Amino acid sequence: MKKPSYRAFTSYNQGLPGVLKNNVLISAQAADVGSALEFEAVWDTGATKSVITEKVISQCGLRPSGMVKMHGVTGTAIVETYLVKVGLPNNVFVGGVIAAKADLVGNQDVLIGMDIISLGDLAISSFQGRTSFSFRIPSTGRVDFLSPRERPKGYDSFVNSKKTGRNQPCPCGSNLKYKNCCGAN
């Protein structure tokens, strides 16, 4: 059986949660994936960058990689950043993530922001009162619930149909060639 050219997962909920969350693995970028530790994460399409808490930093033994100006609900602050690998469900790993350090509300220790979400396709469903969300990386096509006749005029002209070349860097951020990562057969 041919291996798919993308990686994907779906998280299921019994009801209609107020936030999208699941468990993720976090490790230092240079660390072996087997050393990654599990934390609860929340998905936030309103966040530009992914965020990790002091708990993640401490337990994973992470070292700062830089500083960034972060804007949040409590104001603006200069915070440390950390270069990490993020393991999403179903062995979907994203490398080279520059996560900012911040406190998060609730029990979550990781916030998945648009720096990761924009690498792929995110779809959310609340069918029959049960929310599920699916994510695939890299993006392999548009998720669109409108028929072609219902789309605004010129909508299709904005779609970039350029495919990733086998020897180009993989769009998932793994720092591998596409043929050795998401495009491996």
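Preceding this paragraph is the structure being described.
Note that residues are indexed from 1 along each chain, following the sequence as it is written. This being a predicted model, a pLDDT of at least 70 is required before a residue's local features are given, and a value of 80 or more before pairs of side-chain atoms are given or counted; all residues contribute to the totals for chains, interfaces and linings. Excluded from the side-chain calculations are hydrogens and water; all other atoms, namely the structure's heavy atoms, are used.

Caption draft 1: The environment of Leu122, seen in detail. Strands here are runs of E lasting at least two residues and helices are runs of H or I lasting at least four, both read from the DSSP assignment and numbered beginning at the N terminus. Mapped onto the fold, Leu122 is located in strand 9 (residues 121–125). In the structure, Leu122 is positioned eleven residues away from Phe133 in sequence and 7.1 Å away in space, judged by C-alpha atoms. Apart from residues no more than four positions distant in its own chain, Leu122 is found in contact with Thr45, Ile117, Phe133, Ser134 and Phe135. Note on contacts: a residue pair is in contact if any heavy atoms of the two residues lie within 4.5 Å.

Caption draft 2: Structural view of the pairing of strand 7 (residues 92–101). Only protein chains enter the calculation, and the probe is 1.4 Å; a residue is then buried if its accessible area is under 20% of its type maximum, exposed if over 50%, and partly exposed in between. Burial within strand 7 is extensive, with seven of its ten residues counted as buried. DSSP calls a pair of strands paired once it identifies at least 2 bridges connecting them. Here strand 4 (residues 51–52) runs beside strand 7; their pairing, made up of two bridges, is parallel. By the bridge assignment for strand 7, Val51 is matched with Ala100. One ladder, built from seven bridges, connects strand 6 (residues 75–88) with strand 7; its direction is antiparallel. What sits directly across from Gly87, in strand 7, is Phe93. Two successive antiparallel strands, strand 6 and strand 7, enclose a turn made up of three residues, where Asn90 displays a positive phi of approximately 65°.

Caption draft 3: Inspection of the sheet that holds strand 9 at higher detail. Pairing is antiparallel across the open sheet formed by three strands, whose spatial order is 1-10-9. The strands lining the two open edges of the sheet, one partner per strand, are strand 1 (7–12) and strand 9. Each adjacent strand pair in this sheet contributes to an overall mean axis angle of 10°, direction not counted. Where strand 1 meets strand 10 (residues 132–137), six bridges bridge the pair, whose relative direction is antiparallel. Among the inter-strand pairings, Ala8 is bridged to a residue of strand 10, identified as Arg136. For every element, the axis is a line fit to its C-alpha atoms; helices are fit only across the contacting stretch, and the angle between N-to-C directions ranges from 0 to 180 degrees.

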